[in-house]
There are 4 protein chains.
Amino acid sequence: MILILKGGATDDQIDHVIERVEAMGLQAHLSRGTFRTIIGIIGDETQIVVESIRAIPAVAKVVPVLPPYKLASREAHPDASVVDVSGVKIGGGNVALIAGPCSVEEEDRMHRIAESVVSAGANIFRGGAFKPRTSPYAFQGLGEEGLRRLRDVGQAYGVPVVTEVTDPRLVELVAEYADMLQVGARNMQNFALLNEVGASKRPVLLKRGMSATVTDLLMCAEYILSKGNPNVVLCERGIKGFDPATRNVYDVAAVPLVHQLSHLPIIVDPSHATGKPDLIPPCAMAGLAAGADGVHVEVHDCPEVAKSDGPQALLPEQYDELASQMKSLAELLGKTVSPLPEKTA
Amino acid sequence: MILILKGGATDDQIDHVIERVEAMGLQAHLSRGTFRTIIGIIGDETQIVVESIRAIPAVAKVVPVLPPYKLASREAHPDASVVDVSGVKIGGGNVALIAGPCSVEEEDRMHRIAESVVSAGANIFRGGAFKPRTSPYAFQGLGEEGLRRLRDVGQAYGVPVVTEVTDPRLVELVAEYADMLQVGARNMQNFALLNEVGASKRPVLLKRGMSATVTDLLMCAEYILSKGNPNVVLCERGIKGFDPATRNVYDVAAVPLVHQLSHLPIIVDPSHATGKPDLIPPCAMAGLAAGADGVHVEVHDCPEVAKSDGPQALLPEQYDELASQMKSLAELLGKTVSPLPEKTA
Amino acid sequence: MILILKGGATDDQIDHVIERVEAMGLQAHLSRGTFRTIIGIIGDETQIVVESIRAIPAVAKVVPVLPPYKLASREAHPDASVVDVSGVKIGGGNVALIAGPCSVEEEDRMHRIAESVVSAGANIFRGGAFKPRTSPYAFQGLGEEGLRRLRDVGQAYGVPVVTEVTDPRLVELVAEYADMLQVGARNMQNFALLNEVGASKRPVLLKRGMSATVTDLLMCAEYILSKGNPNVVLCERGIKGFDPATRNVYDVAAVPLVHQLSHLPIIVDPSHATGKPDLIPPCAMAGLAAGADGVHVEVHDCPEVAKSDGPQALLPEQYDELASQMKSLAELLGKTVSPLPEKTA
Amino acid sequence: MILILKGGATDDQIDHVIERVEAMGLQAHLSRGTFRTIIGIIGDETQIVVESIRAIPAVAKVVPVLPPYKLASREAHPDASVVDVSGVKIGGGNVALIAGPCSVEEEDRMHRIAESVVSAGANIFRGGAFKPRTSPYAFQGLGEEGLRRLRDVGQAYGVPVVTEVTDPRLVELVAEYADMLQVGARNMQNFALLNEVGASKRPVLLKRGMSATVTDLLMCAEYILSKGNPNVVLCERGIKGFDPATRNVYDVAAVPLVHQLSHLPIIVDPSHATGKPDLIPPCAMAGLAAGADGVHVEVHDCPEVAKSDGPQALLPEQYDELASQMKSLAELLGKTVSPLPEKTA
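The structure displayed is predicted, hence computed values, not measured ones.

Looking at the relation of the copies chain D and chain B
Here is step 1 of the chain: Mapping chain D onto chain B calls for a rotation angle of 180° and an axial translation of 0.0 Å; the resulting RMSD is 0.0 Å. The superposition of one copy onto the other is thereby described by a two-fold rotation axis. Residue Ala286(D), judged by its C-alpha, is the member of chain D lying nearest the rotation axis, at 2.0 Å.
Here is step 2 of the chain: Mapped onto chain B, 100% of the interface residues of chain D again fall at the interface, so both copies present the same surface.

Here's what the structure looks like:
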């Protein structure tokens, strides 16, 4: 950590800063420049309360040298992590194709959609039973009945399932039914929820918040990792932007950036990122080309009757075509779309 | 609600849209323009699932005519609401001055800070016992012991207290100690938490999320109102921006905008909005001048030992000067800084 | 165009709106809803001064039905435009690979870089002679001497050249030397400059401004098209965002969005979008996968002595590897990297 | 300037960095931390080409210690600058009230508006003769005839005038008619234009670009100052944001931030910042309360016939009320609304 002092800092002020640093058991290394004095802190900077250092009156700026996350960092763990979701691998060259409707709906519809996406090549099936909705008057999901349907449909087609959990009190329940727990963008910094999924044994799909930096995202992964759950998959799903033409800004550069900073897998969700069906296939391809370890796409056989997010769903035949292109691209990139888990008769 | 159809929509497609609208028990009003066909929907549009309408293939754009919130809207409730926090009024010309440290800390320090801010004119005391921290390794607050200290200090100086609640499982506990429950920016869309504070009898201070539009904020207020708790005070505390010079962008125009759209009071928090002590006093004054119903400022007597957010705290003597200016400005604007509640011996 | 009136608009106010519409030679079509009155305007809405309509007191909201650009729109010109840059085609399945240093520098260096990128597959060579620099003290480019060097190097390797023009007074001079004129992001809305390049016969590479919506970008293309120059290629090069980890946010979804709204080709510039060499190759691939008609990459053989933007340049050997991957991807997508123009002996 | 080296930088790499620094005539000060090596550069860092340093492979991060602007900085010039616009002072406790229509329009209307705003207290009159419009089909201003009308109206009411210049070729012409030259937000980084207004003797009103940081804004002021024109007044007029409810985000914290970093005056423009008449008065007051040296407001007597930006104009009677409140607030803050220049009969 480096402290840049204010212009005109007095010797007394400088001594005070050094005392404070040494009181934390660290060494201070003074360097007087032409215009400013700099103090380098030598020792393990993750022990430092940055804010209290920044509050010292003579300190103009605090520059961390190391990232604030440890378990999530690439430095601490140079090899790419591979997360196993009930037999389907994500990361390290293994590509997940996650597909399904926004919400769990009628049973026959769930079967129809699952059959179509699995035969297209999807290897994880999705559907929401507890829905975080911006309106209190909107459909809030089928609850436990939705979890049951999702699990049954997954078993029928031999595909693991992922679903969102929105409440720390429900983590245990959702983990009984689902192979993977999704933490949604709006809950990325719901630390009570992160702590609970960190204590679960299920892999976690952690979506990036709409105003989260990549560092913020990795800090939230750190919460889960630090509670003992190493199976975290990140997801870029669009950040806030100024152009109303798309729902969010699809920050595809976050994919190689996460791969540079962290060992954790990262997938993309062009459905939520763009909110426009026409943009989903090219953006799905872009995500893969940028190195994503998976692609999450919403699929519905009749978007105009979907209980939520209909306008951003692909039709099964559109998904079929996209999945075929994604498989070709994965091959070109030297990657493998993970096969379905073998049936354990 | 107005549906703008795609160029080249066929008669069959138009008929299909009309059927769908009528199936919802609403009337469709067709208007063929020179270049596009428009369908106006007549009836109560809050009954419509916007997303399913938008997913109809011939529909290019859906334009809502009414806001998506009802209970929070100014139309439904033309007079400004006044929220009473254990005797201190907020809104309708009554100004709240909320001050105190970021976190609840040592007892003697809490007393010193409370004494100074109350004598400066603050009428609500703040302090965090459960802290949502971006790092799992940072100080997470004193928990129930912090609540107890906060309540005791508030009682000692005859001032109501506000503190943050971050977990739906803790709402009841926090409500036992605090006069007002704060929902923080990161939890603005934590709907499980909103439902619980909506079921509480304590007034709620709802902070705007960093990427929330004013409509998003009002929809979250609607969650609380719709659960039966009418005592919601909103708070502008900075939104995400691109200039690293300040922690957030202080969106002061949100104050008159909320007053235009809603009857709920709104206060400002220049401490979190700017993250820089030098900017807090001018931004506090700006918020009041824009019509805010209160100003929330963090105060600490030794920021460099604060357990959190030290760099953005004012010193007691700085707060004293600011409070005096705020009182003059409130007077100029024809408003009153609410007096402390009378002692109930 | 649709006008949504304010709640409680009186009959007199409604009549006034209708009069104003009819005074513009258009028809007004009234529709009284349950909560609001709507007026549809029938006729050519591009003739309307939107702002004056919006300023009528009874009008709450104006919703345009058509896009504000005409010549640039896909509706007006359903087939993809192909722009020819001195024999190199861009658009309609033809891919441009533009590469070269940020600034024109020493002659031997220019030759070395040009030789390497052309042999890697680049079909347009770039280099800046007039540099828009954020600091008045930074290197401002070699001026006309830079233009001369760039042209000479291009001719030596049989490759067209593109360079930036920053001043309306210089358009004619730059057009004498360059095959394509670049309008930079900071000048996207420099309308005096747009008018001049619109009057030129050279194709124009128009970069998206850092806070420009896709509609803003297309309106600037409209300026150029409306002055008689049909040869406009757009460029996504990153928009402003809140994460300091990358220089800008690479908005790859703008590529398919532009293709949906407009017939004009659009290329991507991952060098400026990310500002980080490690992110450039994956983001270049992402752009192509999203459907871009070309990729612009800065290349320098010794970034640490580059006169500008060194840190975001690829080394020649890195570009060679990337170009090879881009050619494979273009093939997979059914596209062709445009061959160099045949030598006109 | 501080260089943070990458983890695992070798001794050879470190030596190479030191050589490069010393080759620039500066000293390198090495500091080996527990996890990273740091190099402090001692000497005048404004001489350094930051980009070339950042491009050295072993360098992970470059942290400037000094701001990149010199002439504009508060350090170089501790006292607030006062800019004199033909007798009206701006800065250092002197408040400018700038008002007038967006575009110069009919002569009698110009007289009516000028008379009303001057009698309300405005001390600079505004109006656009060359309009930068997002559409090539929109009204582009009256050109020189507009300048003439603006000057004549200003003289009739004894008030200096400000108008926008959009083209470097027109600076001389506009300077003949106007007392102050405005550089608009879209041209903030039009360096050719900045150089020309820098060479003019007229004071310059430099508006902040929609995606410009405060540092970007000050660097553009530096362009003008470095060309010899010391009379620069900055203007906060809204930055790009994600909420479509307002036209821009009114970044009022930029006012005290500029005052901290620079000696130049800064005014606010709530008309362009919000785009909504109802929000203009509270935001004007907020700007003054934040310490602005002036307030710029558009006023029109019949917004629905205004040739541009009608919807964001106040009516004369609304401006009259606002001006009266602004005068009271200025007085409360210990400032003076500058009087009109004395008639030089």
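A word on the UniProt feature "domain: DAHP synthetase I/KDSA" (unreviewed entry) in chain A
Here is step 1 of the chain: UniProt tags residues 86-332 of chain A as "domain: DAHP synthetase I/KDSA" (unreviewed entry).
Here is step 2 of the chain: Structurally, residues 86-332 of chain A comprises 39% helix and 15% strand, and the distance from its first C-alpha atom to its last is 27 Å.

Regarding the pattern of salt bridges
Here is step 1 of the chain: Considering all chains together, one arrives at 76 salt bridges over all chains under this definition.
Here is step 2 of the chain: Measuring nitrogen to oxygen at the nearest pair gives 3.6 Å for the salt bridge that ties Asp11(C) to Arg32(C). Here Arg32(C) lies in strand β2 (residues 27-32) and Asp11(C) lies in helix α1 (residues 11-23), a separation of 21 residues in the sequence.
Here is step 3 of the chain: Taking relative accessible area as the criterion, Asp11(C) reaches 49% and is therefore assigned partly exposed.
Here is step 4 of the chain: Through salt bridges that share partners, Glu105(A), Glu106(A), Asp108(A), Arg109(A), Arg112(A) and Asp301(A) make up one connected network.

Remarks on the domain arrangement of chain A
Here is step 1 of the chain: Taken domain by domain, chain A holds domain 1 (2-63) and domain 2 (83-337).
Here is step 2 of the chain: Each of domain 1 of chain A and domain 2 of chain A has a C-alpha centre, and these two points are 44 Å apart.

With respect to the interface of chain D and chain B
It is common to give the size of an interface as the accessible area lost on bringing the parts into contact.
Here is step 1 of the chain: In this assembly, 35 residues from chain D lie in contact with 35 residues from chain B.
Here is step 2 of the chain: In this structure, the connection of chain D to chain B is made through two salt bridges.
Here is step 3 of the chain: Two residues, Asp243(D) and Arg208(B), come together in a salt bridge whose shortest N-O distance is 3.8 Å.
Here is step 4 of the chain: Of all the secondary structure elements, the ones that give two or more residues to the side of chain D that touches chain B are α8 (254-261), α10 (280-289) and α11 (316-332) of chain D.
Here is step 5 of the chain: Of all the elements, α10(D) adds the most residues to the side of chain D that touches chain B, at five residues.
Here is step 6 of the chain: Tallied by class, residues from the side of chain D that touches chain B come to 23 nonpolar, six polar and six charged.

Section: the interface of chain B and chain A
Here is step 1 of the chain: Residue-level contacts link 46 residues of chain B with 46 residues of chain A.
Here is step 2 of the chain: Between chain B and chain A, roughly 3700 Å² of surface is buried when both sides are summed, and carbon and sulfur atoms account for 52% of that area.
Here is step 3 of the chain: Three residues stand out in chain B for area buried against chain A, namely Glu51(B), Tyr137(B) and Glu304(B), and they jointly supply 19% of the buried area on that side.
Here is step 4 of the chain: Between Glu196(B) and Arg169(A) there is a salt bridge, and its shortest N-O distance comes to 3.1 Å.
Here is step 5 of the chain: At the junction of chain B and chain A, the tally comes to 16 residue pairs in polar contact (both at pLDDT 80 or more).
Here is step 6 of the chain: Sorting the residues of the side of chain B that touches chain A by element identifies α1 (11-23), α2 (50-54), α6 (191-198) and α7 (214-226) of chain B as the ones contributing at least two each.
Here is step 7 of the chain: Of all the elements, α7(B) adds the most residues to the side of chain B that touches chain A, at five residues.
Here is step 8 of the chain: A class-by-class count of the residues in the side of chain B that touches chain A yields 17 nonpolar, 14 polar and 15 charged.

Some points on the relation of the copies chain B and chain A
Here is step 1 of the chain: The transformation that overlays chain B on chain A combines an axial shift of 0.0 Å with a rotation of 180°, and the residual RMSD is 0.0 Å.
Here is step 2 of the chain: Same-surface contact between copies: 100% of interface residues of chain B are shared with the interface of chain A.

Comments concerning the environment of Tyr250(D)
Here is step 1 of the chain: Inspection of the secondary structure puts Tyr250(D) in the loop between β12 (232-236) and α8.
Here is step 2 of the chain: Separated by 73 residues in the primary sequence, Tyr250(D) and Tyr177(D) have C-alpha atoms spaced 31 Å apart.
Here is step 3 of the chain: Among all residues touching Tyr250(D), those that are not within four sequence positions of it are Tyr250(B), Val252(B), Ala253(B), Glu236(D), Gly238(D), Val268(D), Pro270(D), Ala273(D), Cys283(D) and Gly287(D).
Here is step 4 of the chain: At 2.7 Å, the side chain of Tyr250(D) forms a polar contact with the backbone oxygen of Cys283(D).
Here is step 5 of the chain: From its side chain, Tyr250(D) meets the backbone nitrogen of Gly287(D) in a polar contact 3.4 Å long.

A word on the packing of aromatic side chains
Residue and element names in this part refer to chain B.
Here is step 1 of the chain: Taken as a whole and assessed by the stated rule, the structure comprises four aromatic pairs over all chains.
Here is step 2 of the chain: Arranged with centres 4.6 Å apart and planes meeting at 25°, the rings of phenylalanine 191 and tyrosine 223 form a pair that is stacked. On the criterion of sequence distance, the pair formed by phenylalanine 191 in helix α6 and tyrosine 223 in helix α7 is long-range, its members being 32 residues apart.

Some words on unusual backbone geometry
Negative phi values dominate among residues other than glycine, just as trans dominates among peptide bonds.
Here is step 1 of the chain: The residue Ser86(A) is not glycine, and still its phi comes out positive at about 50°.
Here is step 2 of the chain: Following the sequence through the fold, Ser86(A) ends up in the loop between β5 (83-85) and β6 (88-90).

Quick word on the sheet that holds strand β4 (residues 59-63) of chain C
All names here are of chain C.
Here is step 1 of the chain: One open sheet holds the four strands; their spatial order is β2-β3-β1-β4, and the pairing between them is antiparallel. At either margin of the open sheet sits one strand with a lone partner, and together these are β2 and β4. Averaged over neighbouring strand pairs, the angle between their axes works out to 20° when direction is ignored.
Here is step 2 of the chain: One ladder, built from six bridges, connects β2 with strand β3 (residues 37-42); its direction is antiparallel.

Observations regarding the state of the cysteines
Residues and elements named next belong to chain B.
Here is step 1 of the chain: Scanning all chains against the criterion turns up zero disulfides over all chains.
Here is step 2 of the chain: Here cysteine 235 is not cross-linked by a disulfide; its sulfur's nearest cysteine counterpart is in cysteine 102, at 13 Å.
Here is step 3 of the chain: With relative accessibility at 0%, the residue cysteine 235 sits in the buried group.

Notes on the side chain of Ser31(A)
Here is step 1 of the chain: Tracing the chain through its elements places Ser31(A) in strand β2 (residues 27-32).
Here is step 2 of the chain: Here Ser31(A) falls in the buried class, since its relative accessible area comes to 8%.
Here is step 3 of the chain: With residues near it in sequence (within four places) discarded, Ser31(A) still touches Arg36(A), Thr37(A), Ile38(A), His29(D) and Ile42(D).

Concerning the sheet that holds strand β4 (residues 59-63) of chain B
Pairing between the strands of a sheet comes from backbone hydrogen bonds, and it takes one of two forms, parallel or antiparallel.
Residue and element names in this part refer to chain B.
Here is step 1 of the chain: Read from one edge to the other, the open sheet built from four strands follows the order β2-β3-β1-β4, with strand pairing classed as antiparallel. Either end of the sheet is taken by a strand with one partner, and the two such strands are β2 (27-32) and β4. Each neighbouring strand pair of the sheet contributes to a mean axis angle of 20°, computed without reference to strand direction.
Here is step 2 of the chain: Lying over the sheet, α1 contacts β1 (2-5), β2, β3 (37-42) and β4, oriented at roughly 155° with respect to β2.

Examining the pairing of strand β7 (residues 94-100) of chain C
All names here are of chain C.
Here is step 1 of the chain: Burial analysis of β7 places seven of its seven residues in the buried class, the great majority of the element.
Here is step 2 of the chain: Judged from the five bridges that link them, β7 and strand β14 (residues 294-298) form a sheet pairing that is parallel. Across the sheet, alanine 96 pairs through a bridge with glycine 294, a residue of β14.
Here is step 3 of the chain: Two strands pair when backbone bridges link them, and β7 and strand β8 (residues 124-126) are joined in this way by two bridges, in the parallel orientation. From the neighbouring strand, alanine 99 faces β8, where its bridge partner is phenylalanine 125.
Here is step 4 of the chain: Crossover handedness for the path β7 to helix α3 (residues 107-120) to β8: right-handed.

So, the packing of helix α11 (residues 316-332) of chain B against α11(D)
Here is step 1 of the chain: Relative to each other, α11(B) and α11(D) sit at 155°, their axes nearing to 11 Å. Looking at the two axes, α11(B) sits roughly antiparallel to α11(D). The hand of the α11(B)/α11(D) crossing is right-handed. Here Ser328(B), Leu329(B) and Leu332(B) of α11(B) come into contact with α11(D), specifically with Ser328(D), Leu329(D) and Leu332(D).
Here is step 2 of the chain: Among the residues making up the contact of α11(B) with α11(D), the classes are represented as four nonpolar, two polar and no charged.

Comments concerning the pairing of strand β12 (residues 232-236) of chain B
All names here are of chain B.
Here is step 1 of the chain: The element β12 is largely enclosed, with a buried count of five among its five residues.
Here is step 2 of the chain: The side-chain alternation of β12 yields two buried faces, one formed by Val232, Leu234 and Glu236 and the other by Val233 and Cys235.
Here is step 3 of the chain: The pairing of strand β11 (residues 204-207) with β12 spans four bridges and is parallel. By the bridge assignment, lysine 207 is partnered in β12 with cysteine 235.
Here is step 4 of the chain: For the crossover from β11 across α7 to β12, the handedness is right-handed.
Here is step 5 of the chain: Where β12 meets strand β13 (residues 266-268), three bridges bridge the pair, whose relative direction is parallel.

Rules of the game
- Residues numbered from 1 in each chain as written.
- Chains lettered and ligands numbered in written order.
- Predicted model: local features only at pLDDT ≥ 70, side-chain atom pairs only at ≥ 80, totals over all residues.
- Heavy atoms only, no water.
- Least-squares fit on C-alpha atoms with pLDDT ≥ 70 in both.
- Contact = heavy atoms within 4.5 Å.
- UniProt positions renumbered as here; feature names shortened; annotations may be inferred.
- Helix = DSSP H or I, 4+ residues; strand = E, 2+ residues; numbered from the N terminus.
- Salt bridge = Lys/Arg side-chain N within 4 Å of Asp/Glu carboxyl O.
- Buried < 20%, exposed > 50% of the residue type's maximum accessible area, 1.4 Å probe, protein only.
- Domains from an automatic or database assignment.
- Nonpolar A, V, L, I, M, F, W, Y, C, P; charged D, E, K, R; others polar.
- Buried area = accessible area lost by both parts, 1.4 Å probe.
- Polar contact = N/O pair within 3.5 Å; in protein donor to acceptor, adjacent residues only side chain to side chain.
- Phe/Tyr/Trp six-rings, centres within 6.5 Å; stacked < 30°, edge-to-face > 60°.
- Pairing = 2+ DSSP bridges.
- Axes fitted to C-alpha atoms, helices over the stretch in contact; angles between N-to-C directions.
- Disulfide = S-S within 2.5 Å.
- Right-handed = clockwise from strand over helix to strand, strands pointing away.
- Parallel < 35°, antiparallel > 145°, perpendicular 65-115°, else oblique.
- Left-handed = near helix turned anticlockwise from the far one by under 90°.

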